[in-house]
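Here is how the chains run, residue by residue.
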Amino acid sequence: MSGDRPSPLVIERILRDRQGIWQQIVADDDLNALTGRMLASSAVALACYGAVLGAFHGVLMALTSAVKLPLLFLITLAICLPTLYLFNLVFGARLSVRQSVALVMVAITVTSMLAVAFAPISLFFLITAPDYGFFKLLNVAILTLSAVVGLRFLTGGMQVLNAHGLLAPSAAAPAPQGAVAAPAAPAAVPAQPASGEPVAEPVAVGASANGAAGANGTTTPAAEAQPVAVVPAQPVAVVPAQPVVLAGHPVAAFPPGMVPPGYAGAGRPWATPPVRRGESERPASMTLLYVWILLFGFVGTQLAWTLRPFVGSPGEDFALFRSIEGNFYAEILRTLGNLF
């Protein structure tokens with residue numbers, strides 16, 4: 001698959017080039033077309049899987065399940081998407097509505113494609129072991145596994161957006177507490193003689209008491225020797241150590257190389273280790289994403305119970321909807337009890 005001619009199957013691009021998908025969502029580049037392709041692919045895949053579900057009861061149930069299963073996912077998305085978007089706004093994320101929709105549609109597309117990939121297995125057990133309880137639990141397990149994998153893609157995409165700073169407030173983060181300003185380097189000061197010590201007088205180079213020796217062995221009188229001018233040392237002002245301001249401590253002067261009181265940075269007393277977003281801290285949007293995933297699961301299961309039947313009990317006539325009684329989880333536990 002070349003870069004100039006991408007695959008017509010959007011699921012192939014998601015699985016092969018997921019980083020490219022995340023970068024397109026980050027850049028907000030042509031998301032309408034991408035979301036439309038994912039929506040169409042998901043609807044077709046879920047319709048095919050819904051037809052396999054309804055085929056247990058008959059052709060009419062297969063047709064209605066092919067319509068109701070895509071509606072189940074799309075209505076769940078419509079119910080839960082405003083909550084995800086408002087969570088992001090409240091905690092300072094900078095995601096647009098199109099970016100939020102595209103992220104969730106990636107998860108739904110992966111879920112639907114995995115479900116339709118399991119359709120031949122479900123159809124095989126429908127033909128060889130047409131037991132209502134087993135067939136219902138088998139398809140619940142298939143849809144649950146597919147949804148878990150799809151939501152893993154959603155969390156991966158949100159982590160990429162977090163790395164690009166789209167889940168964090170746009171304002172610059174304040175300096176970490178306890179940061180220490182680097183002290184000014186002390187000026188080099190020449191060694192000063194201690195008080196009471198004699199100071200060496202300048203001496204003429206090459207002169208002696210009796211005269212300087214010449215090259216041919218003759219001596220030159222001392223008066224004729226040329227002294228070397230020595231410039232007297234100028235006094236150098238000693239620069240005191242600059243005070244260092246430590247957050248939470250009074251202003252104090254610390255000699256170079258000493259660790260201020262209360263500072264634990266051994267080895268690098270003036271360095272503050274950098275804090276990377278996503279390692280030491282996690283945006284509230286990422287935490288609320290997991291809460292939203294649980295909410296998405298509860299809404300989806302309750303809506304599936306409301307839109308039932310998808311498989312159809314073999315002892316009952318065809319019905320577009322059943323009366324709302326009980327709940328999804330009690331029905332699963334009752335089916336498990338009857339099966340075992």
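Here, the structure is the one placed above.
Residues numbered from 1 in each chain as written. Predicted model: local features only at pLDDT ≥ 70, side-chain atom pairs only at ≥ 80, totals over all residues. Heavy atoms only, no water.

Caption draft 1: The arrangement of the overall build of the chain in detail. When you go through the chain residue by residue, the secondary structure sums to nine helices and four strands. In sequence order, the secondary structure elements of the chain are arranged as α-α-α-α-α-α-α-β-β-β-β-α-α. Burial analysis of the chain (340 residues in total) assigns 35% to the buried set. Taking the intrachain contacts of the chain between residues at least 6 apart in sequence as the baseline, contacts between residues at least 24 apart amount to 70%. Accessible area for the chain stands at about 20200 Å²; split by element, carbon and sulfur atoms hold 65% of it. (Helix = DSSP H or I, 4+ residues; strand = E, 2+ residues; numbered from the N terminus. Buried < 20%, exposed > 50% of the residue type's maximum accessible area, 1.4 Å probe, protein only. Contact = heavy atoms within 4.5 Å. Areas by Shrake-Rupley, 256 points an atom, 1.4 Å probe, with all protein chains shown as cover.)

Caption draft 2: How the structure looks around the pattern of salt bridges. Under the definition given, this model contains five salt bridges. Across the salt bridge formed by Arg-16 and Glu-12, the nearest N and O atoms sit 3.0 Å from each other. A residue pair is termed a helical-turn pair when its members lie 3 or 4 positions apart in one helix, as Arg-16 and Glu-12 do in helix α1 (residues 10–16) at four residues. Residue classification places Glu-12 among the partly exposed positions, given a relative accessible area of 25%. Arg-98 is paired through a salt bridge with Asp-28; the nearest N and O atoms lie 3.2 Å apart. Pair noted here: Arg-98 is in helix α5 (residues 97–117) and Asp-28 is in the loop between α2 (18–27) and α3 (31–54), with a separation of 70 residues, a long-range link. Judged by its relative accessible area of 26%, Asp-28 is partly exposed. (Salt bridge = Lys/Arg side-chain N within 4 Å of Asp/Glu carboxyl O.)

Caption draft 3: A look at helix α9 (residues 328–339). With twelve residues, α9 should reach 16 Å at 1.5 Å per residue; the first-to-last C-alpha distance of 17 Å fits that figure. Measuring from the side-chain oxygen of the N-cap residue of α9 to the backbone nitrogen of Tyr-329 gives 3.1 Å; that N-cap residue is Asn-327. (Expected span 1.5 Å × (residues − 1). Polar contact = N/O pair within 3.5 Å; in protein donor to acceptor, adjacent residues only side chain to side chain.)

Caption draft 4: Region of interest: the environment of Leu-123. Counting through the fold element by element, Leu-123 comes out in helix α6 (residues 119–128). Exposure remark for Leu-123: the relative accessible area of 38% places this residue in the partly exposed category. In this structure, the C-alpha to C-alpha distance between Leu-123 and Leu-53, residues 70 residues apart in sequence, is 8.4 Å.

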